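Below are the chains, spelled out letter by letter.
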Amino acid sequence: MSHLFEFATIDLASKNSVAEQHDRLFNRSKGRARVDLRLIHQLHSLIRFILLQNRQGKTRLAKYYIPLEESEKHKVEYEVHRLVVNRDPKFTNFVEFRTHKVIYRRYAGLFFSLCVDITDNELAYLESIHLFVEILDHFFSNVCELDLVFNFHKVYLILDEFILAGELQETSKKAIIERMGELEKQE
Amino acid sequence: MAGPSLMDSLFQRSVDDIIKGIRLSPPGTESTFIAKSLDEIRREIKSTDPQTKATALHKLTYLHSLHGADMSWAAFHSVELSSSSAHSHKRIAFLAASLSFNPSTTEVILLLTHQLRKDLSSSNVHEVSLALSTLSSICNPDLARDLTPELFTLLSSSKIFVRKKAIAAVLRVFEQYPDAVLVCFKRVVENLENGDMGVLSAVVGLFCELTEKDPKSYLPLAPEFYKILVDCRNNWVLIKVIKIFAKLAPLEPRLGKRVVEPICEHMGRTGAKSLAFECVRTIVTSLSDHDSAVKLAVGKLREFLLDDDPNLKYLGLQALAIVARTNMWAVLENKELVVKALSDVDVNIKLEALRLVMCMVSEDNIMEICRILISHALKSDPEFCNEILDFILLTCGRNFYEVIFDFDWYVSFLGEMARIPHCQKGSEIESQLVDIGMRVKDARLQLVHVARDLVIDPALLGNPFIHGVLAAAAWVSGEYIELSRNPFEIMEALLQPRTSLLTPSVRAVYIQSAFKVIIFCLNSYLKLNGDDPSYPSESTYSDVKSDYPGRFETVASQLLSDTEPDNPNMVVKHGQKPSVSSKMHHLTLESLVALVNLVETNLGPLAGSNEVEVQERASNVLGLIKLIKPKLLGCLDTREGDKANGELKASEMVELIFGAFSEDLGPVSLNAQERVPVPDGLVLKENLRDLEEICGDIELPLSTSFSLVKLQTMDATSNLEHHSKEEFEPSTESTSLLAEHRKRHGLYYLPAENAGIISNDYPPAHDPKDKASDETEDLVKLTEQSLVIKKKPNQAKSRPVVVKLDDGEGFKVAAKAPEFKADLISGAVQEVLLGNEATTSSSRRKSSKKSSKRREMDESNVGVPESKNEIVKADMPEIGFSSSGRRKHHGHGKERKHRSSGKDKVHDHKDKQKSEHGHGKHKSRQRADGALAAQSPVIPDFLL
């Protein structure tokens, strides 16, 4: 641990000097940076979060693409579950959620919910949820809820191949399956 | 604390053990199991053995992401583990970091900088991809700034999936650190011409995001996007690119003309509903002035509406709502489908349909639409029923009842809505009833009828949701009692026993209305017997009445009509002495006494009420009755006696109170107070904190007022008498008290002369200025109306005047959202796009995006780079500054060979870039040349 810490300190020092250089060059950059944190909320067509919950409201996967406090995350999960759990299968797959829109799809006892902007393309995201489920199904060969629990880290890996920074990365099932095969070999 | 022992490592539980343990633990003990596991993890995670540490962190991540356990305390351990050489450990560490770090609050993020840099430049693509994923999750300004050079390199990585991820991650970096745009933007743009779908999708997604924020900066890239729009066959990319054009098209009409055709083509050809819908949405939002395209889009929408899939139906309705803003015909064409959707099972669809129905509202069809909606409201669930009512109220009340022509109908309709069993919109109905009463004189008669029906119905009193409506009805009944057919009936309604169910504030309104009714009755009676020609308030009275010459029926005539049906014109008007006054007098006097007795018995108990409002108002009425009653009885007993003398004082008082009530209440302008000029020398902003110290010991009278209730009721009569005297002569007592106070705290009083000015200068709420403007507005309104009527001869009667005050009232233009600080990213992008244009005189790349004119100019300047540079420096000092920053920036990146510190080397750099990319660019330029069309000389057409 001690050697790690030393290395960390050195790193911090070098970072500081770099930072100083930058501050000299862009004498506004410090102020800018602070303002920029708010820009995140201006993003429009990004996925805000993806949730995987079972009927009881237990979260099986939660990935947020916007920074949220832990307490806020739990609130969101609770609210989204309440919104989708009692909807009739005959209903639309879209629900308004605060100022956004949740697009959800139910597979057996699991709800896959994506939160996107109100003007975004609902149908495309609905299709992408299905694609994600197909990938999971293929990867775990006939996926069930327990697979997702015991292999939660792999689910996150697949998700990272599928969505990055709130942007859909890959629309080809084959490509993702191949990538996952390569990653498995790394272990 | 003892370090983790070997035993710990040997017998460490795995993630699977934890998961199984949680699943096996009996219900309710889960949390204790988790707490125990967390204790273990806390111990294990300190281990120096990376495997033990990794397992502990893995378990913690599991508990965090699936069971919500806190793991912020372990942030440093993630950082430590991230430097492990084993890929699986690294993966665990970065997963933990990306799930638990908060970019703005986790301080140890900075310690990850070095590791991330190392991994981003690693030769192992998996490490690179892992680092990119992590960076995109936890990016903060410092990370963004420090890792920009690495990202720049990765943007042209030969590994497609790395490049793809780098493009996605670069968006986060741009957000956090806009100066990164100066470095990376060019490479990002180059990727637009990449043949790989994944890369293209990522880059188009990135631009879609950027364009959303500030479309203008990306107009120069329109040709590249256009090429993708025409050539690409990937639905996802097409959706994104169409989204981009939806933002760009409104900025440049010629662009709209170019893209409308391919978009329509996609819409017609594609089988993917998502793409078709995106085309539709883009056409109706951004290309709505292309009629043929809109027609096609509406045709497509109809397919959606007719589809069984509720999703498509919902989206169809949503898009239709957008079309409605510009092309109303589209909604009318699909009217029956929209109305059908009102009875859908899904509340989303119903709401959307409702919104659309409300869009269709005009003055011609408002009655029909409201009828349809009410019938729907009656059979829907309470929630949707109220949603409907809300929409109706909102639409009808919008802009001073713009769409309402027939107020008699609307007022009755409001009454009808209040009676709907699930109605919870009482407060809105309440305010509209009162508002119409004040604004629309012609509607008052009907309003009083509606109010009577509401007040008189004992069943309504049990529903707390419509107490607001009842309050309004009671207020209307009291305020416009002279329009009522039978004030006695109203009085009985106002005092009915079930009023005890009302909330105190509503009850207070009831009592106040009863007060008005009784005053009105007394006054009418006095007037009937008024031999005295010099009634002080006669003129006021007649003013009110003369508005309704034909309809007005008084108490007396109503009462008389039972006995004398042949005398219906028994109208109390000044100047018209009733010929049968003695008979009426007889009838009225008795009924009056009965009325007074009724009031007394019903309000008597309320004088001891715990609610101040109720208690006070009841006491007021009772006080009046105490004063009046002996006189009335006296009249009854000695009919021919000294009636005149006895009644004189009471009648004067009644007159005065009636005078006060008969003053018409009107709406008060929101700006009324602003219009009051601030007198000179009035200091409004002085700090009065020391006043608090002085007055600190003065207790608020509030606490005592409750204990005084008893006393007050006992002395009610005498108090009232005292007060009524005070009304006539200014109290000397209070003035002397005031003077004393003034002497003590003279500092806080305004100078005497100023005070005088204030009281004189304050115009009443209805000052003449207001009136004048009202009249002109009314006039305008009237002329407008007459025009409207000419257009629509089927309107039986003209729309009544709706009193409006100044323009400011009602619609305050929504305060403009504070302009966001100049968008930094787009600023940087503009610098890059335009700056390159200007500085790199030889760069064909950029010029290919601009008009041919511009290109020619650039090319003609090739020979004189020095002077060009001079101009640029003079014009945009910013550019030179930034580019030097950028060079500096590269200083610690991989691109060291490009680096130079002197300005004179800029061209070397550019030339190098040119030679690198010149070939690919050349092709695109040729294409561009081919497509050149005649252009207006001023604005460059971005779509070459």
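Residues numbered from 1 in each chain as written. Chains lettered and ligands numbered in written order. Predicted model: local features only at pLDDT ≥ 70, side-chain atom pairs only at ≥ 80, totals over all residues. Heavy atoms only, no water.

(A) Spotlight on the overall build of chain B. Looking only at helices and strands, one finds 48 helices and zero strands in chain B. By the burial criterion, 53% of the 944 residues in chain B qualify as buried. Counted over contacts in chain B with a minimum sequence separation of 6, partners at least 24 positions apart contribute 70%. Carbon and sulfur atoms form 56% of the exposed surface of chain B, whose accessible area is close to 43800 Å². (Helix = DSSP H or I, 4+ residues; strand = E, 2+ residues; numbered from the N terminus. Buried < 20%, exposed > 50% of the residue type's maximum accessible area, 1.4 Å probe, protein only. Contact = heavy atoms within 4.5 Å. Areas by Shrake-Rupley, 256 points an atom, 1.4 Å probe, with all protein chains shown as cover.)

(B) Layout of the overall build of chain A. Each helix and strand in chain A was counted, giving seven helices and seven strands. Helices and strands in chain A line up, N terminus first, as α-α-β-β-α-β-β-β-α-α-α-β-β-α.

(C) Examining the pattern of salt bridges more closely. Applying the stated rule across the entire model yields 45 salt bridges over all chains. Across the pair A:Glu182 and A:Arg179 runs a salt bridge, and its minimum N-O distance is 3.9 Å. Note that A:Glu182 and A:Arg179 are positioned in helix H7 (residues 173-186) at a spacing of three residues, about one turn of the helix. Look at A:Glu182 and you get partly exposed, because its relative accessible area is 32%. Among the residues examined, A:Arg179 registers a relative accessible area of 7% and is labelled buried. Put simply, B:Lys53 and B:Glu80 hold a salt bridge, and the shortest N to O gap is 2.9 Å. Pair noted here: B:Lys53 is in helix H4 (residues 50-67) and B:Glu80 is in helix H5 (residues 75-82), with a separation of 27 residues, a long-range link. With relative accessibility at 7%, the residue B:Lys53 sits in the buried group. A cluster of three or more residues bridged by salt bridges with shared partners is formed by A:Lys101, A:Asp120, A:Glu122, B:Lys243, B:Glu278 and B:Arg281. (Salt bridge = Lys/Arg side-chain N within 4 Å of Asp/Glu carboxyl O.)

(D) A look at the environment of B:Ile167. Relative to the helices and strands, B:Ile167 resides in helix H10 (residues 160-176). The exposure class of B:Ile167 is buried, given its relative accessible area of 0%.

(E) Main features of the pairing of strand S1 (residues 49-54) of chain A. Residues and elements named next belong to chain A. Burial within S1 is extensive, with six of its six residues counted as buried. Burial of the side chains of S1 extends over both faces: Phe49, Leu51 and Gln53 are buried on one face and Ile50, Leu52 and Asn54 on the other. Here S1 hands over to strand S2 (residues 59-64) after four residues, with Gly57 in that stretch at a positive phi of 95 degrees. Here S1 pairs with strand S5 (residues 110-116) via six bridges, running antiparallel. Paired with Leu51 across the two strands is Ser113, which belongs to S5. (Pairing = 2+ DSSP bridges.)

(F) Fine view of unusual backbone geometry. Residues and elements named next belong to chain A. Backbone geometry at Ala108 places phi at a positive 50 degrees, although glycine is not the residue there. With a phi angle near 65 degrees, Asn142 is a residue other than glycine that sits in the positive phi range. For Asn142, a relative accessible area of 64% gives the class exposed.

(G) How the structure looks around helix H29 (residues 504-528) of chain B. Helix length check: H29(B) (25 residues) gives 36 Å between terminal C-alpha atoms against 36 Å at 1.5 Å per residue, within 8%. Here H29(B) lies mainly inside the structure; 21 of its 25 residues are buried. (Expected span 1.5 Å × (residues − 1).)

(H) Looking closely at the sheet that holds strand S4 (residues 100-107) of chain A. Residue and element names in this part refer to chain A. Ordered by their spatial adjacency, five strands build an open sheet running S2-S1-S5-S4-S3, and the pairing between neighbours is antiparallel. Sheet topology places S2 and strand S3 (94-97) at the edges, where each strand pairs with a single neighbour. Recorded for the sheet is a direction-independent mean angle of 20 degrees between the axes of neighbouring strands. (Axes fitted to C-alpha atoms, helices over the stretch in contact; angles between N-to-C directions.)

(I) Summary view of the packing of aromatic side chains. Under the defined criterion, the tally for this structure stands at 22 aromatic pairs over all chains. Centre to centre, the rings of A:Tyr107 and A:Phe112 are 5.6 Å apart; their planes meet at 90 degrees, and the pair counts as edge-to-face. Look at A:Tyr107 and you get partly exposed, because its relative accessible area is 21%. Seen from their ring centres, A:Phe132 and A:Phe162 are 5.5 Å apart, and the 10 degrees between their planes marks the pair as stacked. On the criterion of sequence distance, the pair formed by A:Phe132 in helix H4 (residues 122-139) and A:Phe162 in helix H6 (residues 152-162) is long-range, its members being 30 residues apart. Here A:Phe132 falls in the buried class, since its relative accessible area comes to 1%. By relative accessible area, A:Phe162 is classed as buried at 1%. Against the face of B:Trp73 rests B:Arg42, its NZ or CZ located 4.2 Å from the ring centre. Here the basic side chain of B:Arg187 rests over the ring of B:Phe152, its NZ or CZ set 4.0 Å away from the ring centre. (Phe/Tyr/Trp six-rings, centres within 6.5 Å; stacked < 30°, edge-to-face > 60°. Lys NZ or Arg CZ within 6 Å of the ring centre and 35° of its normal.)

(J) Quick peek at the confidence of the model for chain B. All names here are of chain B. Residues at a pLDDT of 70 or more form 64% of chain B, whose mean pLDDT is 73. Taken as a whole, residues 700-731 scores under 50 in pLDDT and shows 17 contacts with residues more than four places along the chain or in a different chain. Long-range and interchain partners of residues 808-822, a stretch whose pLDDT sits below 50, account for 14 contacts in this model, where long-range means more than four residues apart. Predicted complex, confidence summary: ipTM 0.79, pTM 0.65. (pLDDT = per-residue confidence, 0-100.)

(K) Representation of the packing of helix H28 (residues 487-494) of chain B against H29(B) within the structure. Residue and element names in this part refer to chain B. Where H28 contacts H29, the two axes come as close as 10 Å, and the packing angle between them is 155 degrees. In terms of their interaxial angle, H28 and H29 are classed as roughly antiparallel. The interaxial crossing formed by H28 with H29 has left-handed handedness. Residues Pro487, Ile490, Met491, Ala493 and Leu494 of H28 form the contact with H29, whose own contacting residues are Tyr510, Ser513, Ala514, Val517, Ile518, Phe520 and Cys521. Here the residues of the contact of H28 with H29 are counted per class, giving eleven nonpolar, one polar and no charged. (Parallel < 35°, antiparallel > 145°, perpendicular 65-115°, else oblique. Left-handed = near helix turned anticlockwise from the far one by under 90°. Nonpolar A, V, L, I, M, F, W, Y, C, P; charged D, E, K, R; others polar.)

(L) Here's a closer look at the nonpolar core. With 281 residues, the main nonpolar core has A:Phe132, B:Leu57, B:Tyr62, B:Phe207, B:Ile392, B:Tyr410 and B:Ile518 as its most contacted residues. The leading source of residues in this core is H29(B), at 13 residues. Ignoring anything within four residues of it in the chain, the contact list for B:Tyr410 reads B:Leu393, B:Cys396, B:Gly397, B:Tyr401, B:Ile404, B:Gln432 and B:Ile436. Residues A:Val85, A:Val95, A:Tyr104 and A:Cys115 belong to the second largest nonpolar core, which totals 16 residues. (Core = buried A, V, L, I, M, F, W, Y, C linked by side-chain atoms within 4.5 Å.)

(M) Region of the structure containing the environment of B:Val621. Residues and elements named next belong to chain B. Examined against the element boundaries, Val621 turns out to sit in helix H33 (residues 612-637). What makes Val621 buried here is its relative accessible area of 1%. Sequence spacing of Val621 and Ala607 is 14 residues, and the spatial spacing of their C-alpha atoms is 9.5 Å. Setting aside chain neighbours within four positions, we find Val621 in contact with Ile511, Phe515, Val599 and Leu603.

(N) Helix H14 (residues 235-248) of chain B, seen in detail. Under the 1.5 Å per step criterion, the end-to-end length of H14(B) is 20 Å for 14 residues, consistent within 8% with the ideal 20 Å. Most of H14(B) sits out of view: twelve of its 14 residues are buried. Listed as buried for H14(B) are B:Trp236, B:Val237, B:Leu238, B:Ile239, B:Lys240, B:Val241, B:Ile242, B:Lys243, B:Ile244, B:Phe245, B:Ala246 and B:Leu248. In this structure, the buried residues of H14(B) make contact with H4 and strand S7 (167-168) of chain A together with helix H12 (197-213), helix H13 (222-231), helix H15 (253-269) and helix H16 (273-286) of chain B. Its side-chain oxygen placed 2.8 Å from the backbone nitrogen of B:Trp236, B:Asn234 serves as the N-cap of H14(B). (Polar contact = N/O pair within 3.5 Å; in protein donor to acceptor, adjacent residues only side chain to side chain.)

(O) Summary view of the environment of B:Asp435. Residues and elements named next belong to chain B. Among the structural elements, Asp435 can be located in helix H25 (residues 426-439). Judged by relative accessible area, Asp435 falls into the buried class, the value being 18%. Once the C-alpha coordinates of Asp435 and Ala472 are considered, the two residues, 37 residues apart in sequence, prove to be 9.6 Å apart. Among the polar contacts made by the side chain of Asp435, one reaches the side chain of Tyr401 at a distance of 2.8 Å.

(P) Structural context of the packing of helix H21 (residues 347-359) of chain B against helix H23 (residues 382-401) of chain B. Residue and element names in this part refer to chain B. Contact pair H21 / H23: the axes reach a minimum separation of 11 Å and the direction vectors enclose 20 degrees. Taken together, the axes of H21 and H23 lie roughly parallel to each other. In the packing of H21 onto H23, the handedness of the crossing is right-handed. Each of Val347, Lys350, Leu351, Leu354, Arg355 and Met358 in H21 lies in contact with H23, whose residues at this interface are Phe384, Glu387, Ile388, Phe391, Ile392 and Thr395. A class-by-class count of the residues in the contact of H21 with H23 yields eight nonpolar, one polar and three charged.

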